Amino acid sequence: MEMGAGIILAGIGERQDGRCRKPRRIGVPSGLLYYKYFPLWKAFLEELGAEVVESGKTTRAILSAGVSKAENESCLPVKVFYGHALALRGRVDALFIPRLVSVEKRTHTCPKLLGLPDLVRAAAEDMPPIICPTIDFHHSFWQNYRSVYKVGRLFTADPLRIIRAGLKAWTRHLEYQKRLAEGWEPLAAMRGEAGGRLAEGRRLRIAVMGHHYNVFDTFTTMSLLERLRGMGVDIITQDMVPEEWKERELRRLPKQIYWNYERELAGALLACVSRRLVDGIIFVISFACGPDSMVHVLCEQERKRLGGLPMLTLVIDEHTGEAGLITRIEAFVDMLRRVHGRKGREADGELVSA
Amino acid sequence: MITWPRMGSLDVVLSSVFEEMGVDYVLPPPSSQRTLELGARYAPEFACVPLKTTLGNYIEAIEKGADTMLMIAGKGPCRFGFYAETQRRILEEAGFRAEMVALEFHLDRLGELIRNINRLKQGGSWVRLLRAIRFALHKAFLVDRLEQQALHQRCFDAEKGATSRALERAYELVRRCSDHRGLREVEGQCFELLRSVRRRQLREPPVRIAIVGEFFLVLDPWFNLQVEEQLGDLGAWVERSVYLTDWLRPSGRNPILGHSDRESEEAARPYLSHFVGGEGIHSVGHTVLFKRDGFDGVLHLLPFTCMPETIAKGILPLVSRDQGIPVLSLVIDEQTGKAGVATRLEAFCDLARYRRRQSDRPGPRSAVFSSAAASGF
């Protein structure tokens, strides 16, 4: 099997040989964009006949491995991602780490995601080859198509099969997004299993805003969503806020945000505030997150301008203690309950989820 | 009154433009501990340090009476493109009365750019503005060549600090210049000033250290704790990857450094195959290029939490191993102390010198060195 140019990143030493055996077992580290696109990736790879190996939930061991290998200055999710990639080492033929440069014109993802495949390769000497198609919406459709197609060619020579896999993957992705919008539990939504709903029409409703890889990771956030549900609180995530509402909020801003995932985040958060969708907001940021440090300033100010909804900002890092986190969440929820009890709730407004 | 942040010799360039245009401006006081403290007080906790220092600069300039702040905006993915918006919000929130004018050089935003420039030039003609900019760029070009000369000759100083003092005097001469003829005359004087510094005999050729990294940190001597001077005093022949002219000129040809952007992207490709915003890819690429040019070590400067440079920092160990050149990454934030940096620089210079003595590298390296020596000083 010829190495697809620009698709496979091999170790520096083996750069020259130009050939590798056909990859069978493909590892997908369960971090960062995993929470956004895993159903898509999985369907695509499996349809092509590959076996997809996940690294599973984040654990203490994974986090420690990541922290010891990653740069100190990296943000927490990148460290976690390192840990996941290291955990897959030796168990797979190749790692699947796409380089998502931009998923919408005029925007970018975070720089860390742009350099992620190169970073992971540099993390250890014995990293498996990395399959990294580049997706960039500044390029033409065909360029992106080619990049995906090249991945397919690593597994099969049949073009129709690749296209079929692509279509199937896209369907899976849309299904996943729909489930998230309906408020399924993220992990259940990913697997397509029946699971609990985040919002069930309880009295108190809180928006948990933050990147998927922060909010959905049960280890680094210490099961924030679970805990809130345990306290009898309905949860709104950014996926449950309709796209048009987000866009409308974003259009009002004097300067457009150019990070794609930050746009979703800020749009959802501001929609929650201006439409009074929730009683309070918990904004989850990981330490040293670059874009969030900027967008937080923006959200904070716009929130005040729109009449202020209580907001708790949780900055999490690898040293975050469970006790401190719980105390703050409990205090916040108690405060909301008191406010809520005093005011009663005016017209139960537009519900976002079913 | 217009103001802009301190960044190395940027004030020479911009003050020249506004003087030519007859527009009032205020320079923020030289950056100090207070600047950084003011910035850190208002800025978000893990914003990168350039945001904090420039914010501090603005606050101090507002205290001196500035009411218009100049900044460049961009379209990512580095945070720098969002500085203007964030700082505007922070200052507004803190109750400072000043207007932020963010220049965004992008075709879709041409109308806004023209409107903003119209506001800045306050009725002056476009021809005059372009002339002023051209002259200012000439000044910057001269300043950069002087700085480069200083970097190359500091290690030969018989008396420490003599070159830096000569450079200060040269800056003053350039700053006072107001036309092209004057500038040409001054050019000779400035180089004479630098060349007339008394030199000492070295027993072996000086160790060659290159500085790469985030542009603000590399360009601003206060911010990077004078690493250039420190290295020079330690007896290192220094080169750096960013000069103001190279940064200001959009062509990417980098006349002063001598390596174009494309060259460094090409050099970085085996290690980092996609741009990551800021100078991330160039930090990697220049490290490879400097190795090819025969340097003995590379000093990588990055502000704490800087996204592109953090990526570069993650990849540089691989480059260092693969290319066989020592790389020291220095992370700088508001807590960094000069003594700690000095110790590490000293150890790094020793290491680079030791490694050079160990390897009996023939021809090319020494050839590069002597030719540079012949042309440069």
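The residue count restarts for each chain, going from 1 along the sequence in the order it is written. Starting at A for chains and at 1 for ligands, labels are handed out in the order in which the entities are written. For a predicted model such as this one, the threshold for reporting local features is a pLDDT of at least 70, and the threshold for listing and counting side-chain atom pairs is 80 or more; totals across whole chains, interfaces and linings nevertheless cover every residue.

**Student:** I'm lost on the domain arrangement of chain B in this one. Help?
**Tutor:** How big an interface is tends to be reported as the loss of accessible area on association of its parts. All names here are of chain B. When cut into domains, chain B gives domain 1 (2–124), domain 2 (138–202) and domain 3 (204–376). Here the bounds of each domain stem from an automatic or database domain assignment. Taking only C-alpha atoms, the centre of domain 1 and the centre of domain 2 are 29 Å apart. Placing C-beta atoms from the backbone, we regard two residues as in contact once those atoms come within 7 Å. Every contact between the two is made by 4 residues of domain 1 and, on the other side, 6 residues of domain 2. Three classes are used, and their members are as follows: Ala, Val, Leu, Ile, Met, Phe, Trp, Tyr, Cys and Pro are nonpolar, Asp, Glu, Lys and Arg are charged, and the others, Gly among them, are polar. Considering only residue class, the side of domain 1 that touches domain 2 consists of 2 nonpolar, 2 polar and no charged.

**Student:** Can you help me understand the domain arrangement of chain A in this one?
**Tutor:** All names here are of chain A. For chain A, the assigned domains are domain 1 (8–179) and domain 2 (198–343). Facing 25 residues of domain 1, the contacting portion of domain 2 comprises 23 residues. Breaking the side of domain 1 that touches domain 2 down by element, the ones donating at least two residues are α1 (34–47), α2 (60–69) and α3 (76–88). Put simply, DSSP marks the helices as runs of H or I at least four residues long and the strands as runs of E at least two long, and each gets a number from the N terminus on. Top contributing element to the side of domain 1 that touches domain 2 by residue count: α3, with 4 residues. Of the residues belonging to the side of domain 1 that touches domain 2, the class tally is 10 nonpolar, 9 polar and 6 charged.

**Student:** How should I be thinking about unusual backbone geometry in this particular structure?
**Tutor:** A negative phi angle characterises most non-glycine residues, just as the trans form characterises most peptide bonds. The phi torsion at A:Arg106 lies on the positive side, around 65 degrees, for a residue other than glycine. With respect to the helices and strands, the residue A:Arg106 is situated in the loop between β5 (99–102) and α4 (111–114). With a phi angle near 45 degrees, B:Gln122 is a residue other than glycine that sits in the positive phi range. Looking at where B:Gln122 falls in the secondary structure, it is placed in the loop between α5 (110–121) and α6 (126–153). Looking at B:Gln122, the number of C-beta atoms within 10 Å reads 13, which means it is partly exposed. Exposed residues have 12 or fewer other C-beta atoms within 10 Å of their own C-beta, buried residues have 20 or more, and partly exposed residues fall in between, where C-beta atoms are placed from the backbone.

**Student:** I tried to follow the sheet that holds strand β3 (residues 51–54) of chain A on my own but got confused; where do I start?
**Tutor:** The pairing of strands in a sheet happens through backbone hydrogen bonds and is either parallel or antiparallel. All names here are of chain A. Spatially, the 5 strands line up as an open sheet ordered β1-β6-β4-β2-β3, and their pairing is mixed. Looking at which strands have only one partner, the edges of the open sheet turn out to be β1 (8–9) and β3. In the sheet, strand β4 (residues 94–96) pairs with strand β6 (residues 130–131) via 2 bridges, with the strands oriented parallel. For Leu-95, the partnering residue across the bridge sits in β6 and is Ile-130. Pairing between strands is defined by DSSP: at least two bridges between the two strands are required.

**Student:** I would appreciate a short explanation of α2(A) in the present structure.
**Tutor:** Because each turn of an α-helix spans 3.6 residues, side chains separated by three or four positions end up pointing in the same direction. Residue and element names in this part refer to chain A. Ile-62, Leu-63, Ala-65 and Gly-66 are the residues of α2 that are buried. Down the axis of α2, the sector holding all buried residues measures 165 degrees, keeping them to one side. More than 90 degrees from the buried face of α2, the exposed residues found are Arg-60, Ala-61 and Ser-68. Directions are taken from the helix axis to each C-beta atom, and the arc is the one they span.

**Student:** Quick question: what am I supposed to make of the confidence of the model for chain A here?
**Tutor:** In regions of low pLDDT, the predicted coordinates are not meant to be interpreted in detail. All names here are of chain A. Think of pLDDT as the predictor's per-residue confidence, scored from 0 to 100. Counting all residues, the mean pLDDT for chain A is 86, and 91% of those residues have values of 70 or more. Low pLDDT, under 50, characterises residues 1–5; the stretch is placed with 13 contacts to residues that sit more than four places away or in other chains. Here residues 345–354 scores under 50 on pLDDT; set against residues more than four positions off or in separate chains, the count is 12 contacts.

**Student:** Mind showing me how you'd approach the nonpolar core here?
**Tutor:** Generally speaking, a soluble globular protein has its nonpolar side chains buried in company with each other. One nonpolar core equals one set of buried Ala, Val, Leu, Ile, Met, Phe, Trp, Tyr and Cys residues connected by C-beta atoms within 7 Å. Formed by 209 residues in total, the largest nonpolar core has its most connected members in A:Cys272 and B:Ile315. In contact with A:Cys272, other than residues within four places in its own chain, are A:Ala207, A:Ile236, A:Val241, A:Leu277, A:Val278 and A:Ile281. Judged by nonpolar contacts, the second largest core, of 5 residues, contains A:Leu180, A:Trp184, A:Ala189 and A:Met190.

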